[in-house]
Amino acid sequence: MRTAWLYGEHGRDFVKTVLSRTATGAPMSVVTDQHGQPTWSRDLAVLLARLGHAALSGDAPPGVYHGTASGRTTWFGLAREVLALTRRDPGLIRPTTSAAFPRPAYTVLAHHRWSACGIIAPPPWQESLARALRSGPHLREGGSPRGRGPSTGSTRAARGDG
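Rules used in this analysis
- Residues numbered from 1 in each chain as written.
- Predicted model: local features only at pLDDT ≥ 70, side-chain atom pairs only at ≥ 80, totals over all residues.
- Heavy atoms only, no water.
- pLDDT = per-residue confidence, 0-100.
- Helix = DSSP H or I, 4+ residues; strand = E, 2+ residues; numbered from the N terminus.
- Contact = heavy atoms within 4.5 Å.
- Core = buried A, V, L, I, M, F, W, Y, C linked by side-chain atoms within 4.5 Å.
- Buried < 20%, exposed > 50% of the residue type's maximum accessible area, 1.4 Å probe, protein only.
- Phe/Tyr/Trp six-rings, centres within 6.5 Å; stacked < 30°, edge-to-face > 60°.
- Lys NZ or Arg CZ within 6 Å of the ring centre and 35° of its normal.
- Axes fitted to C-alpha atoms, helices over the stretch in contact; angles between N-to-C directions.
- Parallel < 35°, antiparallel > 145°, perpendicular 65-115°, else oblique.
- Left-handed = near helix turned anticlockwise from the far one by under 90°.
- Nonpolar A, V, L, I, M, F, W, Y, C, P; charged D, E, K, R; others polar.
- Polar contact = N/O pair within 3.5 Å; in protein donor to acceptor, adjacent residues only side chain to side chain.
- Salt bridge = Lys/Arg side-chain N within 4 Å of Asp/Glu carboxyl O.

## Some details on the confidence of the model for the protein
Alright, step 1. On average, residues of the protein score 85 in pLDDT, and 84% of them are at 70 or above.
Alright, step 2. Within the protein, helix α7 (residues 155-159) has the poorest average pLDDT of any element, 36, and strand β5 (residues 73-74) the best, 98.
Alright, step 3. Scored below 50 in pLDDT, residues 143-162 makes 45 contacts in the model with residues more than four places away or belonging to other chains.

## Structural notes on the nonpolar core
Alright, step 1. Within the largest apolar cluster, 25 residues are counted, with the highest numbers of intra-cluster contacts made by Phe-14, Val-18, Val-30, Leu-78, Ile-93 and Leu-129.
Alright, step 2. Secondary structure elements with two or more residues in this core: α1 (14-22), β2 (28-31), α3 (75-85) and α5 (125-135).
Alright, step 3. Here Val-18 is in contact with Met-28, Ala-79, Val-82, Leu-83 and Ile-93, once residues within four sequence places are set aside.
Alright, step 4. Listed in part, the eight residues of the second largest apolar core include Leu-47, Ala-54, Ala-60 and Ile-119.

## Some points on the packing of aromatic side chains
The geometry of two aromatic rings is summed up by the distance between their centres and the angle between their planes.
Alright, step 1. Within this structure, the stated rule accounts for three aromatic pairs.
Alright, step 2. Between the aromatic rings of Trp-5 and Trp-75, the centroid separation amounts to 3.6 Å while the plane-to-plane angle is 15 degrees, which identifies the pairing as stacked. Of the two residues, Trp-5 is situated in the segment before β1 (6-7) and Trp-75 in helix α3; the sequence distance between them amounts to 70 residues. Comparing Trp-5 with Trp-75, the two get one shared label, buried.
Alright, step 3. Through successive ring pairs, a cluster of aromatic residues spans Trp-5, Phe-14 and Trp-75.
Alright, step 4. Taking NZ or CZ as reference, Arg-113 lies 4.5 Å from the ring centre of Tyr-65, over its face.

## Remarks on the packing of α3 against α5
Alright, step 1. At a minimum axis separation of 10 Å, α3 and α5 run at an interaxial angle of 45 degrees. Between α3 and α5, the angle falls in the class oblique. Between α3 and α5 lies a crossing of right-handed hand. Together, Gly-77, Leu-78, Glu-81, Val-82 and Leu-85 of α3 and Trp-125, Leu-129, Ala-130 and Leu-133 of α5 make up the contact between the two elements.
Alright, step 2. Residues that form the contact of α3 with α5 fall into these classes: seven nonpolar, one polar and one charged.

## Looking at the side chain of Gln-34
Alright, step 1. Within the secondary structure, Gln-34 is located in the loop between β2 and β3 (35-36).
Alright, step 2. A polar atom in the side chain of Gln-34 sits 3.1 Å from the side chain of Trp-75.
Alright, step 3. Looking at Gln-34, its side chain comes within polar contact range of the side chain of Ser-98, at 2.9 Å.
Alright, step 4. Residues within four places of Gln-34 in sequence aside, it is in contact with Trp-5, Thr-73, Thr-74, Trp-75, Ser-98, Phe-101, Pro-102, Arg-103, Pro-104 and Ala-105.

## Overview of the pattern of salt bridges
Alright, step 1. Enumeration according to the criterion identifies two salt bridges in this entry.
Alright, step 2. A salt bridge links Arg-131 to Asp-43; the nearest nitrogen and oxygen atoms lie 2.9 Å apart. You can see Arg-131 sitting in helix α5 and its partner Asp-43 sitting in helix α2 (residues 41-56), a full 88 residues away along the chain.
Alright, step 3. Classification of Asp-43 as buried rests on a relative accessible area of 11%.

## A word on the environment of Gly-8
Alright, step 1. Of note, Gly-8 is situated in the loop between β1 and α1.
Alright, step 2. Taking the relative accessible area as the measure of exposure, Gly-8 reaches 3% and is therefore buried.
Alright, step 3. Separated by 124 residues in the primary sequence, Gly-8 and Ala-132 have C-alpha atoms spaced 7.4 Å apart.

Right under this line is the structure:
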């Protein structure tokens, strides 16, 4: 299973970093030239369960499957959508380029293997992000469900590494 741009309830991730860094109204610079598929960990878990069932039934050919949301965006687009969905000002997200945060420019993965084993492709990233942000305060507020507070906001996390 290959995945990318993962976010969810536990650990540090880019969605929590955006919420934490912009909580006081401070702007945040985010790259506009790196493309990928933001993927909610809950959606990935559902895909893994379906794939396991298909494999046990003999309906899933062996090989690598791409566990990412459908569609694509940039880190900039994701950050702005996070703020829009949480009723914050998307204008707090300022554009920058990969010169500031070097990473692969294009990490969009295909989903054709899912339909080959009778599994519906993952939902669009925008739908999953909206569901994730409605699912609990740990994402909406940029904090941890265990009270450890928001992400530290390191440079790694701002790029989406952590």
